[in-house]
Amino acid sequence: MVSFILRRLGIMVLTALCLTFIVFWLTNLFPNLEKLAKTQGNFRMSDEAVLTYLGNNGYLQPLPVKYGQWLGVLPGYVIAGTDGEMRARCATGGQDIADAARFCGILQGNWGYSTVFRDDAGSIIATRLGLTGKLMFWVMLLMVPGALIIGVMAGMNEGSRTDRSLSTVSILSTATPEYVSGVVFIAVFGTATFGMQWFKGTATAAMDDANFENFFLPVLTIALYGMGYIARMTRASMTEVMTAQYIRTARLKGVAFSQIVLRHALRNALIAPFTVIMLQFPFLLNGVVIVETLFNYKGFGWTLVQAASNNDIELLLGVSIVSVFVVLTTQLISDIGYVFLNPRIRIA
Amino acid sequence: MTKHDQSPHPIALQYARDAKAGKLSRREFMARTTALGVSVTAAYGLLGLAAPARAGAHMQQGGTVRMQMEVRAVKDPRAFDWPQITYVTAGWLEYLVEYNNDGTFLPMLLESWDVNDNATVYVLNVRQGVTWNDGTPFTAQDVARNIAGWCDTTVEGNSMAARFSAIIDTETGQALDGAIEVIDDHTIQLNLPAPDITLIAGMSDYPAAITPAGFNPDTMLENPLGTGPYLPETVEVGIKATLVRNENHDWWGYAAGKGAYLDRIEYIDYGTDPSAWVAAAAADEVDIIYETVGDFVEIFNSIGFEESSVASSSTICIRPNQRAEIDGMRPYADKRVRQAIAMAVDSAVCLELGYAGRGEVARNQHVGPMHPAWADVPAMPHDPARALELLQEAGMADFEMDLISIDDDWRKNTTDAVAAQLRDAGFNVKRTVIPGATFWNDWTEYPFSSTDWNHRPIDTQTLGLAYRSGEAWNESGFSNAEFDALLAEANAIPDADSRRVVMQRLQEIMTDEGVTLQPYWRTIYRHAKPGFVGWDMNIAYLPHIYKIGIAA
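## Details of the side chain of Asp452 of chain B
Working step 1: Take Asp452 of chain B: it is sitting in strand E19 (residues 448–453).
Working step 2: Within polar-contact distance, the side chain of Asp452 of chain B engages the side chain of Arg411 of chain B at 3.2 Å.

So, in structure tokens, the structure goes:
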């Protein structure tokens with residue numbers, strides 16, 4: 001088990017390295033750097049001034065060197081600028097270069113500086129991730145029980161009227177992407193057009209003070225998409241279990257149907273959905289980008305959009321690392337949890 | 001130097017005759033006489049009218065207002081390129097002079113001013129009893145330091161230098177020796193080498209915020225030293241900014257009956273998509289919309305918001321940049337190409353499609369009938385066939401023009417309308433839309449793009465800011481010695497009728513050179529939930545936030 005977890009952690013680090021290197025390479029393409037220089041310096045900068053600025057601030061070093069510095073395995077640059085001023089990567093906020101640390105990368109806990117938000121990238125990611133965490137928590141709270149109930153109800157009696165109608169609903173909800181359902185929800189429930197203005201079409205206020213009225217629509221939009229999928233998996237798993245020999249035996253013994261479902265079928269039927277729920281996390285991150293932008297909820301997804309559209313190199317890299325971590329950790333949990341749910345599986 | 005405590009300024013009397021004869025609109029009359037130091041009451045008196053009473057009695061003290069607005073990073077006020085920034089900073093950084101919708105210039109940190117007969121000597125009387133929020137008194141030294149700072153052309157992005165070019169030494173890039181003279185603790189005299197009628201108007205513009213000694217833009221939020229009634233609580237770029245009343249500061253405006261009724265002002269960023277603002281308004285998350293545009297005026301009216309509108313000289317310019325280089329050549333340096341663009345586009349179509357017809361058609365001259373010395377110069381005729389001929393003559397028929405705009409409602413639509421008309425005329429046009437977050441990084445540099453320009457009271461002001469050679473905001477890359485000379489000449493003529501002769505020539509150059517497309521003048525709108533007072537749209541988007549209150 002321990003070696004399995006270690007192996008997975010190793011893969012996680014490797015994936016994070018590869019992904020951040022790709023992001024780093026793309027954000028450091030010259031046109032992107034030029035854009036960055038003009039944002040940071042002067043709007044009317046000449047091409048020579050752009051080169052001077054980039055050179056003075058360490059952007060023109062070879063890509064692997066820059067990447068190593070960001071990572072913290074190579075010492076941060078100390079460059080004597082063309083204007084005679086010494087600049088060091090590690091000396092920020094007027095710090096003396098002699099006092100500055102030699103290494104200041106992600107390994108040293110330095111997430112860098114966001115050029116869009118003019119703030120420390122680490123603290124921005126922490127705040128925004130907290131807000132998305134809140135959104136995710138309520139999504140999970142709505143989606144998981146909802147999906148399991150629908151799935152179990154549909155799977156109890158395969159082919160029944162309940163099964164057919166619930167299956168139709170699940171297929172519909174999972175076939176509707178967030179950017180469609182979100183817009184429809186805002187139009188129907190967020191405006192007075194249809195006389196059903198029950199909720200708020202924006203979740204900006206929910207960042208500080210979330211309540212049912214301002215938070216339900218974004219939560220529902222994300223939850224519905226995942227709900228149909230998980231419900232379908234639960235249903236499939238449930239119908240399979242319901243045809244198993246031991247269920248038939250229990251029925252012959254005269255156990256009540258409700259008891260059979262709750263005591264005998266449910267645990268075995270939940271093994272497959274558990275994995276699916278865990279694998280939903282990466283898709284949820286995806287949905288969060290759309291829903292947060294749509295509802296103006298300034299969380300992790302919104303930050304990703306802002307960072308990407310502004311070529312905010314260090315913020316974008318931080319966002320990538322967190323994403324890799326979230327995706328691979330949930331997969332690890334899914335694998336480990338599977339062992340506990342299904343005694344037939346052993347992880348060596 | 002003559003004092004005019006008793007009798008009105010002689011030029012003001014001339015203006016009064018002009019106004020009564022209908023040569024000068026009421027707004028322009030107020031703008032021009034109050035800029036000369038005539039008080040508002042006296043200015044109305046010259047027209048034989050009583051000054052309108054100021055609202056204020058029917059407000060309650062206290063409360064919170066939430067305003068939808070883009071929250072941008074604060075920086076050195078001189079480099080402000082966006083009035084929204086000042087809605088945050090105006091909480092503690094105030095202005096010398098305030099420009100109002102009726103065209104008046106009201107004294108704020110100044111108590112009054114006098115301008116001599118040929119507008120070469122300005123005497124500024126600093127308001128008594130004003131203190132910084134750390135308790136130190138506000139004096140003439142503070143004003144002198146700020147004016148000197150405005151004249152410092154070495155500061156990157158300092159647009160105030162264009163407004164004060166009259167007293168700048170072009171060699172040192174600083175204020176001329178002896179131009180700013182501190183007479184005593186509360187009096188300053190500006191000595192101009194040549195007449196300039198626009199200085200007071202320049203002091204009222206949004207980058208002219210008065211900063212304290214030792215001001216550092218990097219710490220202006222942690223250490224918000226200023227004279228105003230509020231303090232910043234939080235400023236999160238792209239998210240939210242909050243101002244709260246500074247309880248430990250005795251703001252001069254309380255005694256002067258200026259207001260600052262609210263305890264708390266919140267600015268919430270809902271991005272650039274107006275439909276998100278409607279959602280926010282419908283959800284009762286905002287009370288005031290910073291600016292409503294195009295079709296959304298109707299939508300906000302329909303959800304029960306109150307409308308405030310003002311006809312202005314705010315406008316959009318879709319300009320080629322003459323200095324822009326594409327693949328080693330300068331496509332828009334050729335006058336024929338620019339003329340071709342102007343001929344291919346019908347301004348009325350841009351107004352209709354781009355701004356739902358809420359404005360007046362303009363003539364690509366960036367001076368209009370709302371300006372005192374506007375000359376009736378005809379526009380370039382709309383002739384798409386001739387446009388294509390010109391383009392072919394210039395050998396640019398195959399050149400692909402990349403027309404850039406911001407990603408929003410009316411600016412994008414207007415630019416789309418231009419692109420469509422250019423394509424109809426046979427031009428090869430590509431459209432690029434850049435998100436609001438990055439668009440302004442390079443707005444003066446794009447080869448061919450659209451920019452919105454705010455209202456300015458006097459005809460020569462915008463021409464000076466946007467088209468004089470080498471100015472920070474000269475986005476069309478226009479550089480024309482004759483134009484610069486004529487502009488300097490116009491700036492020295494206080495009388496509108498005499499100046500019109502020069503303006504005529506300036507407008508002709510604008511048309512003939514095809515400097516920019518400037519298809520229409522906008523009526524600008526703001527909406528607010530019923531129950532608030534003093535939030536009216538300012539003609540120049542100025543942040544008069546101390547006037548806002550909750551109706552009693």
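## Structural notes on the sheet that holds strand E22 (residues 549–551) of chain B
All names here are of chain B.
Working step 1: Strand order in the open sheet formed by three strands is E1-E22-E21, with antiparallel pairing between adjacent strands. At either margin of the open sheet sits one strand with a lone partner, and together these are strand E1 (59–60) and strand E21 (532–533).
Working step 2: Where E21 meets E22, two bridges bridge the pair, whose relative direction is antiparallel. If you follow Val533 over to E22, its bridge partner there is Gly549.

## Some remarks on the pattern of salt bridges
Working step 1: Within this structure, the stated rule accounts for 37 salt bridges over all chains.
Working step 2: Arg128 of chain A is paired through a salt bridge with Glu236 of chain B; the nearest N and O atoms lie 3.1 Å apart. You can see Arg128 of chain A sitting in helix H5 (residues 121–156) and its partner Glu236 of chain B sitting in strand E11 (residues 230–236), one on each of two chains.
Working step 3: Its relative accessible area of 6% is what places Arg128 of chain A among the buried residues.
Working step 4: Ionic pairing is found between Arg145 of chain B and Asp142 of chain B, a salt bridge with its closest N-O pair at 3.0 Å. Placement of the pair is Arg145 of chain B and Asp142 of chain B together in helix H5 (residues 140–150), with a separation of three residues, close to one helical turn.

## Topic: the pairing of strand E20 (residues 520–528) of chain B
Residue and element names in this part refer to chain B.
Working step 1: With respect to burial, E20 is a largely interior element, nine of its nine residues being buried.
Working step 2: Burial along E20 is two-sided: Tyr520, Arg522, Ile524, Arg526 and Ala528 facing one way and Trp521, Thr523, Tyr525 and His527 facing the other are all buried.
Working step 3: Sheet topology note: the strand E14 (residues 288–292)/E20 ladder contains three bridges and is antiparallel. By the bridge assignment for E20, Ile288 is matched with Ala528.
Working step 4: Here strand E15 (residues 306–320) pairs with E20 via seven bridges, running antiparallel. The residue bridging Ser309 from the neighbouring strand is Tyr525, located in E20.
Working step 5: Across three bridges, the pairing between strand E16 (residues 359–361) and E20 is antiparallel. Note on E20: the bridge partner recorded for Gly359 is Arg522.

Calculation criteria
Residues numbered from 1 in each chain as written. Chains lettered and ligands numbered in written order. Predicted model: local features only at pLDDT ≥ 70, side-chain atom pairs only at ≥ 80, totals over all residues. Heavy atoms only, no water. Helix = DSSP H or I, 4+ residues; strand = E, 2+ residues; numbered from the N terminus. Polar contact = N/O pair within 3.5 Å; in protein donor to acceptor, adjacent residues only side chain to side chain. Pairing = 2+ DSSP bridges. Salt bridge = Lys/Arg side-chain N within 4 Å of Asp/Glu carboxyl O. Buried < 20%, exposed > 50% of the residue type's maximum accessible area, 1.4 Å probe, protein only.

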